[in-house]
Amino acid sequence: MAAYKPVVVQACPKLGERITQDTLYWRGYKTPVQIKEFGAVNKIDFSPVPPYNYAVTASSRVSGLSEAFMLLFFSWHDTRRCNSLLFWQIHIYGRYSQEPIKTFSRFRDAAYCGTYRDDGRLLAAGSEDGSISLFDVSGKAPLRQFEGHTKPVHLVGFLSDKYRIFSGSDDYSSKLWDIPSATEIISYSEHTDYVRCGCASKVNADVFITGSYDHTVKLFDARTKSSVMTIEHGHPVESVLLFPSGGLLVSAGGRYVKVWDVLKGGQLLVSLKNHHKTVTCLCLNSSGQRLLSGSLDRHVKIYSTTSYKVVHSFNYATSILSLALSPEDETIVVGMTNGVLNVKHRKPEEKNENSQKKRQPAYRTYVKGRSYMPKQEDFCVSKPVKRVLRKYDKLLRSFQSSKALDAVLEPPIMLHTPEVTVAVMQELHRRGTLRSALAGRDEKQVNLLLTFVARRVIEPRFTPVLVIVADMITDIYQPVVGQSAIVDKQFLKLQQAIGKEIDYQEELLEVLGMMDTLFATFTKKRDTCLEENKSNGVTEIIETNRNY
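As the structure is a computational prediction, the values presented were derived from the model and not from experiment.

Novice: What is the right way to look at the overall build of the chain in this model?
Specialist: Check the secondary structure of the chain and you find twelve helices and 28 strands. When contacts within the chain are restricted to residue pairs at least 6 apart in sequence, long-range pairs at least 24 apart make up 47% of them. Carbon and sulfur atoms form 54% of the exposed surface of the chain, whose accessible area is close to 32300 Å².

Novice: What's the story with the nonpolar core in this structure? I'm lost.
Specialist: Generally speaking, a soluble globular protein has its nonpolar side chains buried in company with each other. Within the largest apolar cluster, 40 residues are counted, with the highest numbers of intra-cluster contacts made by Leu405, Met425, Leu438, Val453, Leu466, Val469 and Ile473. Breaking this core down by element, the ones donating at least two residues are α5 (391–397), α6 (401–408), α7 (411–416), α8 (418–431), α9 (434–438), α10 (443–456), α11 (463–477) and α12 (485–547). If you tally residues by element for this core, the top one is α11, at seven residues. When neighbours within four sequence positions are excluded, Leu438 is seen to be in contact with Leu405, Leu449, Val469, Met472, Ile473, Ile476 and Tyr477.

Novice: Would you mind going over the environment of Glu443 with me for this structure?
Specialist: Relative to the helices and strands, Glu443 is located in helix α10. Among the residues examined, Glu443 registers a relative accessible area of 40% and is labelled partly exposed. Not counting the four nearest positions on each side in its chain, Glu443 is found in contact with Ser484, Ile486 and Val487.

Novice: Where do I start with a negative patch on the surface in this structure?
Specialist: On the surface, Asp503, Glu506, Glu507 and Glu510 cluster together into a patch of negative charge. Mapping Glu507 onto the fold places it in helix α12. Among the residues examined, Glu507 registers a relative accessible area of 47% and is labelled partly exposed.

Novice: Any chance you could explain the sheet that holds strand β21 (residues 267–272) here in plain terms?
Specialist: Hydrogen bonds between backbone groups are what pair the strands of a sheet, and the pairing can be parallel or antiparallel. Across the sheet, four strands lie side by side as β18-β19-β20-β21; this open sheet has antiparallel pairing. Looking at which strands have only one partner, the edges of the open sheet turn out to be β18 (239–242) and β21. Neighbour-to-neighbour, the strand axes of the sheet open up by a mean angle of 20 degrees, direction not taken into account. Both strand β19 (residues 248–253) and strand β20 (residues 256–261) contribute to a ladder of six bridges, which runs antiparallel. Note on β20: the bridge partner recorded for Leu249 is Trp260.

Novice: Hey, could you run me through α6 in this one?
Specialist: What sets the pattern is the α-helix's 3.6 residues per turn: residues three or four places apart point alike. Among the residues of α6, those classed as buried are Ser401, Ala404, Leu405, Ala407 and Val408. For α6, the arc enclosing every buried residue in end-on projection is 155 degrees, short of the 170-degree limit, so these residues lie on one face.

Novice: Looking at this structure, I do not really get the side chain of Arg164. What am I missing?
Specialist: You can see Arg164 is positioned in strand β11 (residues 164–169). Within polar-contact distance, the side chain of Arg164 engages the side chain of Asp161 at 2.7 Å. Polar side-chain contacts of Arg164 include one of 2.8 Å to the side chain of Asp206. With residues near it in sequence (within four places) discarded, Arg164 still touches Gly157, Phe158, Leu159, Leu176, Trp177, Ile179, Ile185, Ala205, Asp206 and Ala222.

Novice: I would appreciate a short explanation of the packing of α6 against α8 in the present structure.
Specialist: For any two helices packed against each other, one specifies the crossing angle of their axes together with the interaxial distance. Running from amino to carboxyl end, α6 crosses α8 at an angle of 165 degrees, the nearest separation of the two axes being 9 Å. Looking at the two axes, α6 sits roughly antiparallel to α8. Seen along the crossing, α6 lies across α8 with a hand that is left-handed. Contacts between α6 and α8 pair Ser401, Ala404, Leu405 and Val408 from the former with Val420, Thr421, Val424, Met425 and Leu428 from the latter. The residue inventory of the contact of α6 with α8, partitioned by class, reads seven nonpolar, two polar and no charged.

Novice: How should I be thinking about a nonpolar patch on the surface in this particular structure?
Specialist: A surface patch of nonpolar side chains, amounting to about 490 Å² of accessible area, comprises Val511, Met515, Leu518, Phe519 and Phe522. On the secondary structure map, Met515 appears in helix α12. The exposure class of Met515 is partly exposed, given its relative accessible area of 38%.

Novice: For this particular structure, what's the right way to read the pairing of strand β14 (residues 195–200)?
Specialist: Residues in a regular strand project their side chains so that they alternate between the two faces of the sheet. Two strands pair when backbone bridges link them, and β14 and strand β15 (residues 207–212) are joined in this way by five bridges, in the antiparallel orientation. Each bridged residue has a counterpart across the sheet, and for Val195 the counterpart in β15 is Ser212. Linking two consecutive strands that pair antiparallel, namely β14 and β15, is a turn of six residues.

Novice: Looking at this model, I keep getting lost on the confidence of the model for the chain. Mind explaining?
Specialist: This prediction gives the chain a mean pLDDT of 85; 86% of its residues lie at or above 70. When the criterion is pLDDT under 50, residues 61–86 qualifies, and its contacts beyond four places in sequence or with other chains add up to 21 contacts. Below pLDDT 50 for its whole length, residues 538–548 participates in zero contacts with residues either more than four positions away or in separate chains.

Novice: What's the story with the pattern of salt bridges in this structure? I'm lost.
Specialist: Side chains that differ in sign of charge can pair as their charged atoms come close. In the structure shown here, the tally under the stated rule is 19 salt bridges. Residue Asp221 is joined to Arg223 by a salt bridge in which the shortest nitrogen-to-oxygen separation is 2.8 Å. Residue classification places Asp221 among the buried residues on the basis of a relative accessible area of 12%. The partner of Arg461 in a salt bridge is Glu459, and the shortest N-O contact between them spans 3.3 Å.

Parameters and conventions
- Residues numbered from 1 in each chain as written.
- Predicted model: local features only at pLDDT ≥ 70, side-chain atom pairs only at ≥ 80, totals over all residues.
- Heavy atoms only, no water.
- Helix = DSSP H or I, 4+ residues; strand = E, 2+ residues; numbered from the N terminus.
- Contact = heavy atoms within 4.5 Å.
- Areas by Shrake-Rupley, 256 points an atom, 1.4 Å probe, with all protein chains shown as cover.
- Core = buried A, V, L, I, M, F, W, Y, C linked by side-chain atoms within 4.5 Å.
- Buried < 20%, exposed > 50% of the residue type's maximum accessible area, 1.4 Å probe, protein only.
- Patch = residues over 30% accessible without salt bridge, like charges linked within 9 Å, V, L, I, M, F, W, Y side chains within 5 Å.
- Salt bridge = Lys/Arg side-chain N within 4 Å of Asp/Glu carboxyl O.
- Lys, Arg positive; Asp, Glu negative; His and termini not counted.
- Charge placed at Lys NZ, Arg CZ, Asp CG, Glu CD.
- Pairing = 2+ DSSP bridges.
- Axes fitted to C-alpha atoms, helices over the stretch in contact; angles between N-to-C directions.
- Arc of directions from axis to C-beta.
- Polar contact = N/O pair within 3.5 Å; in protein donor to acceptor, adjacent residues only side chain to side chain.
- Parallel < 35°, antiparallel > 145°, perpendicular 65-115°, else oblique.
- Left-handed = near helix turned anticlockwise from the far one by under 90°.
- Nonpolar A, V, L, I, M, F, W, Y, C, P; charged D, E, K, R; others polar.
- pLDDT = per-residue confidence, 0-100.

Given below as structure tokens:
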């Protein structure tokens, strides 16, 4: 009895992943470290000076009833302990630490937007109660309290002169504060919705930018009483970023990341739409050659700032709210909606060891005896090879056609390896048992079959087999058409798919006919030109002979 031969699955070449220098560089980060915070991480900011600690702002609000209950049972002396239980804190992490090395908790309400000054000595943060707190990184108590906003402050930053702070609030206003005197310098009320993001120019100490949910980005100069430029983003603005040169501005809102030329009056240079959900945060690498964007679609996209094409991307478990890259690009920190802090460190570069490697055996050692031909008197012992059959092969070997088809109609096989499903159908057709395997199925199984056929029948590698399968399914289940709305819907989808494919084929044939006509015209013209050249040459020779 001949041994069973397994089903031959047609192997199709796969397109290999394009490996670029960016791919190798961004893959050079270690497995991420997960740190659990007490609430959604709304801001991450790295200290600009070594050892590059980073501040994490995450606030978790509790209900008013819970807050009142806690305050009732804590005395005034324990108010700080009560506040810590309400999770109104900013944590400072070391580059490699998984526990906070310092905590700022002197907030009366939820804290937002903890931001370092350029020298790394001061930290400013907004609050739910509308106040702004300024901390010395080496201390605990606030150095200054800035009062003036009437609603939560989600934006705080330092101007490049280091002596002034700008802020943005849900009361639609933007303010400028003097640090030494803790007084308000000027207030702008030009936005018509929440002010949630902003940045300061590193070139000009008087210029700062704010982004608002009123779809606009405004550029302010502290020497004027109103904004000097307004840019219409088109969606609620979640994040803004100014290039170190001060000439280009990036805004993020909705699914769009837009780049503007500030020196040309806010001219739009490029609009990027590579995310599927709202873009929440932006970041530049240390050289300014790569732009990073994080989104609620759980992806971080990395763009080249020369071509603005995506050169790499990271995928995360949940929606992303904040993103930061260390000044030396050694660490990427991502904050998510579930309170998880994802920290990736670059792998250390491998040092070239000068030590001589142990000498390996020569190549001839491995191939020794491979070409030896056995002699007539030699006795050859062959090692039996155990062949492991797949589930569908076992069923086909025992002539269970219907069950073999069921085995390859499981979702993992249909979705990821459809060539296996088609190969089994082809084998059943070769045996003449395909019709019996397709018959006698219930509504759910017929729906599964038709879904697969309608999706894959237009693929050229599957079309010859699946057209036969579709023909048989139509013949078998034609009497029951109209009895099930689900099956009828799948039949309509199959009809639409085949109809579209026929239309495409007809259009392609028309294009092919046009191209054939053009090629034929070019060939005819070329032949005519050659004949003319030849006739001209003969005429010239005859005239020359006559002259002689």
